[in-house]
Amino acid sequence: MCGITGFTLPTGLKPRERRDRFGERLRAMTAALRHRGPDAQRGVLLDGAALGHARLAIIDVASGHQPMRDEATGVTLVFNGEVFNYLELRERLDYPFRTRSDTEVILASYLARGIDCVEAFVGQWAFALWDPRDGSLWLSRDRVGVRPLFYAVTKDGLSFASEAKALFAGRWLAPRLDARAVHETVHLWAPVPPRSMFEGVSALPPGSSAQYRDGLLTVRRQWDLDLSDEVVDRGMSEARALDEVGAALTDAVKLRLRADVPVAAYLSGGLDSSLLCALAQEQLHGTLQTFSVGFAQARYDERAFQHEVAKALGTAHHAVQVEDADIGALLPDVVWHAEQVLLRTAPAPFLKLSRLVHEHRTKVVLTGEGADEIFLGYDLYKETAVRQFWARQPASPHRPKLFKRLYPYLPLSQQSPEVLRQFYGDGLEAPGAFDFSHRIRWTNSGRVARFFAPAFVERVGEHDPVAALRDVLPARVRGWRPLARAQYLELHTLLSGYLLSAQGDRMLMGNSVEGRFPFLDHRVIELAARIPTQLKLKVLNEKYLLKRFARGRVPAIVTERTKFPYRAPVAEALVGPHAPPWSREVLSRAAVDEAGVFDGAKVEKLVAKLAAAKAQPSEADNMALVAVASTQLLADAFLSRPRAPAPAHVAAVELLEDVR
Amino acid sequence: MSPREQLRKFISDTFFVDDFQDSDSFLKNRIIDSTGMMELVAFLEATWALKLADTELKPENLDSIDNLVRFLERKQSAR
């Protein structure tokens, strides 16, 4: 796994001129991604395009260098990620392979089929491919957005990179926060693609390809999730579903263990990661290493479960403990890597965890993201199911009481049917509305907008985040059932925009570790879509089928435990006696007013409230604090005191005039 | 300060909202969330030396400035 970057440049320049005019820019861009690929950084200046690559060597360590070029056509590729079924694809390709790498399989596949070759890939990728035959620069990104890819179209052409910071290092544009993206993020947890956090920088949407040719950019979606009733196999029995899920997951894990370096696994102590560890341990015949986060504060900690699973599976287990003070100390780097306004501190422990993995000289981990989305694990799905049931008889005094079963930990004051009605009855009259499942969550997080500075509110204008999302949704999604729509929204907002990026790829790559996600194998996703809903969410029993499959494979305490949401300390870690040194400075009234997004006076009141000795921060207070702190840190690292790549790292980028 | 003014100041200071009507539902408008309700109850009990029974924790008593003012008047006249 790696970092990629590059740009188009005028054709017809002499090699010397190309180097003089564009060499340093390509070097700086490639160096800005060094954390993603510390093993080698190389760039090539071709007639028409420049491509840079920072390599984390995993497959064909000896000869899988990039950029990689096809001799006959001059087609040249830089690639971040993995095409796991490259061995099977390779057998079907008639091509004079010179390496054992999956990179060369992409090259050969493209030459055989054009960009539609990605339809046969099982994997997680972002790549850029220069085709000199027609002067096209192609960009492609995997189906669910495991690997990132950003681009900017400027008067000079197209530039692209795994992270936006490389575009700024190449001076294609100056970083400026996109007000609408900030507004969208405080409601939806991420900007609506293709918008990114920065003005002028776009994210290539997951499952899409883009062609840039003669100054024109064409973006096309090549894969999307189909959750319509028509794909559901109504006749599927529980026994058959279990067989098929077992076979698909086993193969997804098997393909993801392919590497020329050891593959380890994250173990949270929950169902999904425990199951993956069990499947991997079986295939590795007992050599699996597992890595976990523990919290000093007991209410966030799951170590008892992690130890139980590690012991039962016999893995070589490593754990790191996160103290409140770590969260504050890590947050500036978290934001620098994530390049995003955050609503939770939960990514921070993952940055500490990937450091532990890196210290154990491990480059690859399996991780359990995606299971909750596709096998219906989240409370949000149960909430949607209950609201749907209630919406059929809105006047019923009994139906809202189901929320007590759903959220037994809610304070008493919320539990009378009238209170539940006020809180969860929002939008009940319109179960067909596209945001039926998410409106409560989005309205709740949207409370952060109360802290916006008046001038910022003016900049945002009439922009409505929920409407912006609605406008990019395919029309067919609106005809689906509420649960199917909920899943689609979850995959296209929280999963790709936050869990896989801010909390996933960026926290892993921050310490040069590649994550692999068996539950997000598209064959597993498509199988889950075919399985009848009641086998996944059985009344209010979440992930029923996955639990059945896990029974006997992981310790019973894991399959029997109630779902434990992963959280990390917020207010106690960022303000008050354990506050990090940066907190006082960037959260000061003057600094907040200076950045211009939030209202300094309101933030001052919030900080005072949360720093009080007996403070009991509400969910809304915590989210607002993280939103403000991450915005301030983002402004600090990208706008006021931009971090440039170290000169030594820039100089270390090997610049080639040609590659083979 | 009248109870109405005291309540408005508390809501505004604690939940960081200025722009709401006395008749607006706190819950429906997401002015207050689950922990917020606890904060509100603690504030009522401390400020007016009251004790609220579980049966009194309902929207018609607590879910807007208007409802709170009426509830306080009833509570105090009952003493």
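These figures come from a predicted structure and were not determined experimentally.

A. Region of the structure containing the overall build of chain A. For chain A, the helix and strand inventory stands at 29 helices and 18 strands. Relative to the 2.2 N^0.38 estimate, which gives 26 Å for 660 residues, the radius of gyration of chain A is 24 Å and therefore close to what a compact globule would have. Counting only C-alpha atoms and orienting by the principal axes, one finds that chain A spans roughly 75 × 60 × 50 Å. Looking at chain A as a whole, 65% of its 660 residues qualify as buried. Measuring between centres, the 84 positive side-chain charges of chain A sit 2 Å from its 78 negative side-chain charges.

B. Up close: the overall build of chain B. When helices and strands are counted, chain B shows four helices and zero strands. Written out in order from the N terminus, the α and β elements of chain B read α-α-α-α. The C-alpha atoms of chain B give 12 Å as radius of gyration, which agrees with the globular expectation for 79 residues (12 Å, within 12%). Dimensions of chain B, computed from the C-alpha atoms along their principal axes, are close to 35 × 25 × 20 Å. A burial count over chain B gives 52% of its 79 residues as buried. By sequence separation, contacts in chain B at least 24 residues apart represent 52% of the contacts at least 6 residues apart. When the accessible surface of chain B is split by element, carbon and sulfur atoms take 50% of a total near 3,900 Å². A gap of 5 Å separates the mean positions of the 11 positive and 15 negative side-chain charges of chain B.

C. How the structure looks around the interface of chain A and chain B. Counting residues at the interface gives 25 residues for chain A, matched by 24 residues for chain B. Summed over both sides, the interface between chain A and chain B buries roughly 2,200 Å², with carbon and sulfur atoms accounting for 58% of that surface. Taken together, the links from chain A to chain B amount to three salt bridges. Its salt-bridge partner being A:Lys602, residue B:Asp18 comes within 3.4 Å of it at the nearest N-O pair. The interface formed by chain A and chain B contains seven residue pairs in polar contact (both at pLDDT 80 or more). Residue composition of the side of chain A that touches chain B, grouped by class: nine nonpolar, seven polar and nine charged.

D. The sheet that holds strand β4 (residues 68-69) of chain A, seen in detail. Residue and element names in this part refer to chain A. If you walk across this open sheet you meet the six strands as β4-β5-β6-β7-β11-β12, and the pairing is antiparallel. The sheet is open, and its two edges are formed by β4 and β12 (216-221), each paired on a single side. Relative to the sheet, helix α3 (residues 102-113) contacts β4, β5 (76-83), β6 (123-131) and β7 (136-141), its axis offset from that of β5 by approximately 120°.

E. Quick peek at the environment of A:Glu88. Residue and element names in this part refer to chain A. Structurally, the position occupied by Glu88 is in helix α2 (residues 86-92). Along the backbone, Glu88 and Val457 are 369 residues apart, and their C-alpha atoms lie at a distance of 53 Å. Apart from residues lying up to four places away in sequence, Glu88 is in contact with Leu255 and Arg258.

F. Broad picture of helix α9 (residues 324-338) of chain A. Residues and elements named next belong to chain A. In this model, α9 (15 residues) spans 20 Å end to end at C-alpha, consistent with the 21 Å of a helix rising 1.5 Å per residue. Burial analysis of α9 places 12 of its 15 residues in the buried class, the great majority of the element. Restricting attention to buried positions, one finds in α9 the residues Asp324, Asp326, Ile327, Gly328, Leu330, Leu331, Pro332, Val334, Val335, Trp336, His337 and Ala338. Positive backbone phi, approximately 55°, marks Glu339, located one or two places after α9.

G. Quick look at the pattern of salt bridges. Taken as a whole and judged by the stated rule, the model has 64 salt bridges over all chains. Linking A:Asp372 and A:Lys563 is a salt bridge whose minimum nitrogen-to-oxygen distance equals 3.0 Å. Of this pair, A:Asp372 sits in helix α11 (residues 371-374) while A:Lys563 sits in the loop between α23 (556-560) and α24 (571-574); the two residues are 191 residues apart in sequence, bridging distant segments of the chain. The partly exposed category is assigned to A:Lys563, whose relative accessible area is 32%. Across the pair B:Asp66 and B:Arg4 runs a salt bridge whose closest N-O atoms are separated by 2.9 Å. Residue B:Asp66 is located in helix α4 (residues 65-77), and its partner B:Arg4 is located in helix α1 (residues 3-15); the two are separated by 62 residues in the primary sequence. On the basis of relative accessibility, which here comes to 22%, the residue B:Asp66 falls in the partly exposed class. The exposure class of B:Arg4 is partly exposed, given its relative accessible area of 33%. Three or more residues joined by partner-sharing salt bridges are found here, namely A:Arg36, A:Arg147, A:Glu163, A:Lys165, A:Glu339, A:Asp505 and A:Arg506.

H. Representation of the packing of helix α6 (residues 238-256) of chain A against helix α7 (residues 271-283) of chain A. All names here are of chain A. In the contact formed by α6 and α7, the axes pass within 10 Å of each other and the chain directions differ by 65°. Between α6 and α7, the angle falls in the class roughly perpendicular. Where α6 crosses over α7, the two elements pack in a sense that is right-handed. Within the contact between the two elements, α6 uses Leu249, Thr250, Val253 and Lys254 and α7 uses Leu275, Leu276, Leu279, Ala280 and Gln283. Class assignment of the residues belonging to the contact of α6 with α7 gives a composition of six nonpolar, two polar and one charged.

I. Quick peek at the packing of helix α27 (residues 600-611) of chain A against helix α28 (residues 619-640) of chain A. All names here are of chain A. Running from amino to carboxyl end, α27 crosses α28 at an angle of 125°, the nearest separation of the two axes being 11 Å. By the angle between their axes, α27 is oblique relative to α28. The handedness of the crossing between α27 and α28 is left-handed. Across the interface between the two elements, Val603, Leu606, Val607, Lys609 and Leu610 from α27 touch Asp621, Ala624, Leu625 and Val628 from α28.

J. Highlighting the sheet that holds strand β10 (residues 202-203) of chain A. All names here are of chain A. The strand order across the open sheet formed by seven strands is β10-β8-β9-β1-β3-β2-β18, and the pairing between neighbours is mixed. Every interior strand has two partners, whereas the edge strands, β10 and β18 (654-656), have only one. Relative to strand β3 (residues 49-55), strand β1 (residues 2-8) runs antiparallel, the two being bridged by seven bridges. Looking at β3, one finds that Gly6 is bridged to Leu51. The strands touched by helix α1 (residues 15-31) are β1, β2 (40-45), β3, β9 (157-161) and β18; relative to β2, the strand with the most contacts, the crossing angle is about 150°.

K. Molecular detail of the packing of aromatic side chains. Tallied over the full model, the rule gives 25 aromatic pairs over all chains. With a centroid separation of 3.9 Å and 10° between ring planes, the pair formed by B:Phe10 and B:Phe43 is classed as stacked. Taken together, the positions of B:Phe10 in helix α1 and B:Phe43 in helix α2 (residues 34-47) put the pair 33 residues apart, joining distant regions of the chain. A connected cluster of aromatic rings, assembled from ring pairs, spans A:Tyr266, A:Phe295, A:Tyr300, A:Phe350 and A:Tyr566. Just above the ring of A:Phe389 sits the side chain of A:Arg399; from NZ or CZ to the centre is 3.8 Å.

Each value, and the rule that gives it
Residues numbered from 1 in each chain as written. Chains lettered and ligands numbered in written order. Predicted model: local features only at pLDDT ≥ 70, side-chain atom pairs only at ≥ 80, totals over all residues. Heavy atoms only, no water. Helix = DSSP H or I, 4+ residues; strand = E, 2+ residues; numbered from the N terminus. Rg over C-alpha atoms; globule rule 2.2 N^0.38 Å. Buried < 20%, exposed > 50% of the residue type's maximum accessible area, 1.4 Å probe, protein only. Lys, Arg positive; Asp, Glu negative; His and termini not counted. Charge placed at Lys NZ, Arg CZ, Asp CG, Glu CD. Contact = heavy atoms within 4.5 Å. Areas by Shrake-Rupley, 256 points an atom, 1.4 Å probe, with all protein chains shown as cover. Buried area = accessible area lost by both parts, 1.4 Å probe. Salt bridge = Lys/Arg side-chain N within 4 Å of Asp/Glu carboxyl O. Polar contact = N/O pair within 3.5 Å; in protein donor to acceptor, adjacent residues only side chain to side chain. Nonpolar A, V, L, I, M, F, W, Y, C, P; charged D, E, K, R; others polar. Pairing = 2+ DSSP bridges. Axes fitted to C-alpha atoms, helices over the stretch in contact; angles between N-to-C directions. Expected span 1.5 Å × (residues − 1). Parallel < 35°, antiparallel > 145°, perpendicular 65-115°, else oblique. Left-handed = near helix turned anticlockwise from the far one by under 90°. Phe/Tyr/Trp six-rings, centres within 6.5 Å; stacked < 30°, edge-to-face > 60°. Lys NZ or Arg CZ within 6 Å of the ring centre and 35° of its normal.

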